[in-house]
Amino acid sequence: MFDWNGVMTVFPRIAEGMQLTIYIAVSGIIIGFIIGLITGYIRTTEHCILKKIMSFYVWLVRSTPIIVQALYIYFVLPRILDIPFDRNLAGIICISINAGAYISEIVRGAILSVPRGQWEAGLSLGLSRLQVITHLIFPLAFKNMLPALGNQFIITIKDTSILTVIGVAEMTYQAGQYAATSFNLVESYTTLAVFYLFLISILTVILGLLEKKMGVGTK
Amino acid sequence: MMEVRHLKKKYQENTVLNDINLSFQTKDVTCILGPSGAGKSTLLRCLNLLEKPTEGKILYEGKDILGKQFDIRQLREEVGMVFQHFNLFPLKTVAENIMLAPRLVKKTGKKEARECAEAMLAKVGLADKADAMPTSLSGGQQQRVAIARALAMQPKMILFDEPTSALDPELVGDVLNVMRKLADEGMSMIIVTHEMNFAKEVADRVIFMADGSIIEDALPDQFFSAPKTERAKSFLARFLI
């Protein structure tokens, strides 16, 4: 029934894919966080034109499935721009702009949740707007957004599995390739699922510790 | 020191301040009294441009603070503010709350800023709380930290926006005592308050506002014993039963 030899064969392949999964997810979440921080902040300000552009970006990303975005970035954009894209680069771009849009919403919400009095206290002491943002608003907002950010990180890791459609050799792709050639479907996909469970479980523990350290949930 | 000319503030069609004319002298303690919705806090917040006036002029040491060349941060450095809800920075310790602005705005060294913070805390009677977190303090203590935070910038004037309105009655006294001490030391203060006894005792001048206008501008004795207008009489009657 269950072929352990199949598991032994697919295991190192998925483990290899995991490196790429982690690489793309971590790059994506870091770049996405930077995008989200900037766009999210701008959407809380009064800059009319910039705000519209940022809102357009969030709308575009949230209104199309990530699988379509991946196909578009890998197959269509290179034709429009006339430069070839490496699969992995396309994957990172896709994950980054996707995570960026959702983090933008998280950042916006977290900034708006900081009481106005913090702004006023900072400004009334003679701080510049930038000083108020970096020293007072962001630290508080970051604490507020940490649970949502952790959740987004988990979603992002799982989203990388979609990159299998553009041939990025991450975990799902590796399992799929082995399943298709060996017909060990049960073993391949069971092992794959266990890998994701393992990865996300570790991340969940780390995020829990981080939240505890930051004092999330306490005043 | 500060002069307000024909100041108007509107929110859409709603006029909150209507043609306010005032001038504030150095070392004066001015209490602004009046029913809620009179525009007292809005007026105070216009003085350091936390609210932008719709019309009119505000002169600070002769300079038009609404003028394009004027950097509002210069005024805010010299004119402190204390808020109804304290607005301490919750992730920073008491000392860090006080040190932040001197460090960032005046570029004071860390050691010097810390010494200054401790001196200010001693002044408001909280010398032992330097390393406490704001949330571990009572409301009255938090408000005294907020006063110390304003004092650390060595301001020429402090604006108080209902500093005791959010406090439990038994904590009001400590905050008022600190303010009384500042008044005795000659600090210029503009105080929006509902503490009639404090105003009577400490103020050099009382301004009574209602419906966005100044109704009376008088010496405290004169205002409390013989208010000139019916509006002020009926307001005081509710406090002095």
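Worth saying up front: this structure is predicted, and the values here are computed from it rather than measured.

A. Quick look at the environment of Glu118(B). All names here are of chain B. If you trace the backbone, Glu118 turns up in helix 4 (residues 110-123). Classification of Glu118 by relative accessible area gives partly exposed; the value is 36%. Measuring from C-alpha to C-alpha, the distance between Glu118 and Asp217 comes to 38 Å, with 99 residues separating the pair along the chain. Engagement of the side chain of Glu118 in a polar contact is seen with the side chain of Arg114, the distance being 2.8 Å.

B. Spotlight on the interface of chain A and chain B. On the side of chain B, 24 residues touch chain A, which itself brings 19 residues to the contact. Together, the buried faces of chain A and chain B total about 1,800 Å²; carbon and sulfur atoms form 65% of this surface. Among the residues of chain A in contact with chain B, Glu120(A), Ser124(A) and Leu125(A) are the three that bury the most area, contributing 32% of the side total. On the surface where chain A and chain B come into contact, there are 1 salt bridge. A salt bridge links Arg45(B) to Glu120(A), with the nearest nitrogen and oxygen atoms 2.7 Å apart. Applying the counting rule to chain A against chain B returns 5 residue pairs in polar contact (both at pLDDT 80 or more).

C. Local environment of the sheet that holds strand 3 (residues 29-33) of chain B. Residues and elements named next belong to chain B. If you walk across this open sheet you meet the 6 strands as 6-7-8-3-9-10, and the pairing is mixed. Where the open sheet ends on each side, the last strands, each with one partner, are strand 6 (79-82) and strand 10 (213-218). Ignoring strand direction, the axes of neighbouring strands in this sheet form an average angle of 15 degrees. Strand direction decides the pairing type here: strand 3 and strand 9 (residues 205-210), joined by 4 bridges, are parallel. By the bridge assignment for strand 9, Ile32 is matched with Ile207. Helix-sheet contacts for helix 1 (residues 40-47) involve strand 3, strand 6, strand 7 (157-161), strand 8 (188-192) and strand 9, and the interaxial angle to strand 7 is about 150 degrees.

D. The side chain of Arg43(A), seen in detail. Positionally, Arg43(A) belongs in the loop between helix 1 (4-42) and helix 2 (48-62). Within the structure, the side chain of Arg43(A) is placed 3.5 Å from the side chain of Ser55(A), a separation counted as a polar contact.

E. Molecular detail of the pattern of salt bridges. Residue and element names in this part refer to chain B. According to the stated counting rule, one finds 18 salt bridges over all chains in the structure shown. We note a salt bridge from Glu51 to Arg45, for which the minimum N-O separation is 3.1 Å. We classify Glu51 as buried; its relative accessible area is 12%.

F. Examining the pairing of strand 1 (residues 2-11) of chain B more closely. Residues and elements named next belong to chain B. In this structure, strand 1 lies alongside strand 2 (residues 14-24), joined through 7 bridges in antiparallel fashion. Following the sheet pairing, Leu7 is matched in strand 2 by Ile20. Adjacent in sequence and paired antiparallel, strand 1 and strand 2 are bridged by 2 residues, among which Gln12 carries a positive phi angle near 50 degrees. Sheet topology places strand 1 next to strand 4 (residues 55-60); 5 bridges connect them, and they run antiparallel. Bridge pairing in strand 4 links Val4 to Ile58.

G. Spotlight on the environment of Ala166(B). Relative to the elements of secondary structure, Ala166(B) occurs in the loop between strand 7 and helix 6 (169-184). Owing to a relative accessible area of 33%, Ala166(B) belongs among the partly exposed residues under this scheme.

H. Local environment of the packing of aromatic side chains. Residues and elements named next belong to chain B. Counted under the stated rule, the structure contains 9 aromatic pairs over all chains. With 5.7 Å between their ring centres and 35 degrees between their planes, Phe208 and Phe223 make a pair best called tilted. With a gap of 15 residues between them, Phe208 in strand 9 and Phe223 in helix 8 (residues 220-225) connect regions that are remote in the sequence. With relative accessibility at 0%, the residue Phe208 sits in the buried group. Connected via pairs of aromatic rings, a cluster forms that spans Phe208, Phe223, Phe224 and Phe235. The ring of Phe89 carries the charged tip of Arg149 above its face, separated from the ring centre by 4.5 Å. Taking the ring centre of Phe224 as reference, the NZ or CZ of Lys200 above it sits at 5.7 Å.

Cut-offs used in this document
- Residues numbered from 1 in each chain as written.
- Chains lettered and ligands numbered in written order.
- Predicted model: local features only at pLDDT ≥ 70, side-chain atom pairs only at ≥ 80, totals over all residues.
- Heavy atoms only, no water.
- Helix = DSSP H or I, 4+ residues; strand = E, 2+ residues; numbered from the N terminus.
- Buried < 20%, exposed > 50% of the residue type's maximum accessible area, 1.4 Å probe, protein only.
- Polar contact = N/O pair within 3.5 Å; in protein donor to acceptor, adjacent residues only side chain to side chain.
- Contact = heavy atoms within 4.5 Å.
- Buried area = accessible area lost by both parts, 1.4 Å probe.
- Salt bridge = Lys/Arg side-chain N within 4 Å of Asp/Glu carboxyl O.
- Pairing = 2+ DSSP bridges.
- Axes fitted to C-alpha atoms, helices over the stretch in contact; angles between N-to-C directions.
- Phe/Tyr/Trp six-rings, centres within 6.5 Å; stacked < 30°, edge-to-face > 60°.
- Lys NZ or Arg CZ within 6 Å of the ring centre and 35° of its normal.

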